[in-house]
Amino acid sequence: MRIFSKYTWRFSTDKKEIFLTFDDGPTPEITQFVLSELKKYNAKATFFCIGKNIQNHPEIFNTIIIDGHTIGNHTQNHLKGWKTDNSRYLDDFLACEKTITQFNKSTITQKIFRPPYGKIKKKQAKEIFKKGYKIIMWNVLSADFDTTISKEKCLENVLKNTEKGSIIVFHDSIKAAERMQYALPKVLKHFSEKGFVFRAI
């Protein structure tokens, strides 16, 4: 279990702050929708981007940065750690790091990584820690990617489980769009009215 305690699942804070994260972008239209909603509440978030999506949509990627959000590494090709050879996984992680550096017009970079599907082998994690990265997991899963749940259930997952210091996972992907686009504005409104602030990692 020691390796799991090295992962960041939530932040310990007395302040009314929440950490919104978005996986799998940048995706045309969907990421833009997210950015526009965040702007309404002056909310900052963290985007765990897939390298190949950055290459395909560099202009959206840079809009995320210009808007003051944080970028995290989510591998180049969205690999599942448990099913991937360790050296291939690390190469893919490094390829994403290179892509982020190449397309990032800002000088600010955060060494944060989220394993796709939350699945990563101990040896893979060890190598990523060695590179100076923090592995960011979550304690609130919206399940917006789950096509079997309703958009109302997705919203309920977040409202019921979020507290000070929570790390929430949404996805700026086509698969999650319907549920995320329903839940996100309501989450932003609900917690803003309760005096919470949305911060980037």
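Above: the structure in question.
Note that the coordinates shown come from a computational prediction; the quantities given were computed from them, not determined experimentally.

Trainee: What is the right way to read the packing of aromatic side chains from this model?
Mentor: Two aromatic rings, taken as a pair, are described by how far apart their centres are and by the angle between their planes. This model, assessed by the stated rule, comprises nine aromatic pairs. With 6.3 Å between their ring centres and 45° between their planes, Tyr7 and Trp9 make a pair best called tilted. Residue classification places Tyr7 among the buried positions, given a relative accessible area of 5%. With relative accessibility at 35%, the residue Trp9 sits in the partly exposed group. A ring pair is formed by Phe11 and Phe19, whose centres lie 4.6 Å apart and whose planes are at 50°; its orientation type is tilted. The class of Phe19 is buried, set by a relative accessible area of 6%. Through pairs of rings, three or more aromatic residues link up here, namely Tyr89, Phe93, Phe113 and Tyr133. If you follow Lys186 out to its NZ or CZ, it ends over the ring of Tyr182, 4.1 Å from the centre.

Trainee: So what exactly am I meant to see when it comes to the nonpolar core here?
Mentor: The nonpolar side chains of a soluble globular protein tend to be buried with one another. Residues Leu20, Phe22, Leu38, Phe47 and Phe170 are the most contacted members of the largest nonpolar core, which totals 36 residues. Elements that contribute at least two residues to this core include exactly strand E1 (17-23), helix H2 (30-40), strand E2 (45-49), helix H4 (58-66), helix H5 (86-103), helix H7 (151-161), strand E7 (167-171) and helix H8 (177-193). For this core, the element with the highest residue contribution is H8, accounting for seven residues. Among residues more than four places away in sequence, those in contact with Leu20 are Leu38, Ala45, Thr46, Ile168, Phe170, Leu184, Leu188, Phe198 and Arg199.

Trainee: When you look at the pairing of E7 in this model, what are you seeing that I'm missing?
Mentor: Remark: a regular strand shows side chains that alternate across the two faces of the sheet. Across the five residues that make up E7, a large majority, five, are buried. Here E7 shows two buried faces, one formed by Ile167, Val169 and His171 and the other by Ile168 and Phe170. Of the strand pairs in this sheet, E1 and E7 are connected by five bridges, and their pairing is parallel. Bridging across to E7, Thr21 finds its partner in Val169. The sheet contact formed by strand E6 (residues 140-141) and E7 spans two bridges and is parallel. Looking across to E7, one finds that Val140 is bridged to Ile168. As a crossover connection, the stretch from E6 through H7 into E7 is right-handed.

Trainee: Just checking my understanding: could you explain unusual backbone geometry for this structure?
Mentor: Leaving glycine aside, a negative phi is the common case for residues, and trans is the common case for peptide bonds. Cis geometry is found at the peptide bond from Gly25 to Pro26, where omega equals -5°. Here Pro26 shows up in the loop between E1 and H2. Positive phi is not limited to glycine here, since Asn42 has a value of about 50°. By secondary structure assignment, the location of Asn42 is in the loop between H2 and E2. Given the relative accessible area of 61%, Asn42 is considered exposed. Positive phi is not limited to glycine here, since Ala143 has a value of about 60°. Note on placement: Ala143 falls in the loop between E6 and H7.

Conventions we followed
- Residues numbered from 1 in each chain as written.
- Predicted model: local features only at pLDDT ≥ 70, side-chain atom pairs only at ≥ 80, totals over all residues.
- Heavy atoms only, no water.
- Phe/Tyr/Trp six-rings, centres within 6.5 Å; stacked < 30°, edge-to-face > 60°.
- Buried < 20%, exposed > 50% of the residue type's maximum accessible area, 1.4 Å probe, protein only.
- Lys NZ or Arg CZ within 6 Å of the ring centre and 35° of its normal.
- Core = buried A, V, L, I, M, F, W, Y, C linked by side-chain atoms within 4.5 Å.
- Helix = DSSP H or I, 4+ residues; strand = E, 2+ residues; numbered from the N terminus.
- Contact = heavy atoms within 4.5 Å.
- Pairing = 2+ DSSP bridges.
- Right-handed = clockwise from strand over helix to strand, strands pointing away.

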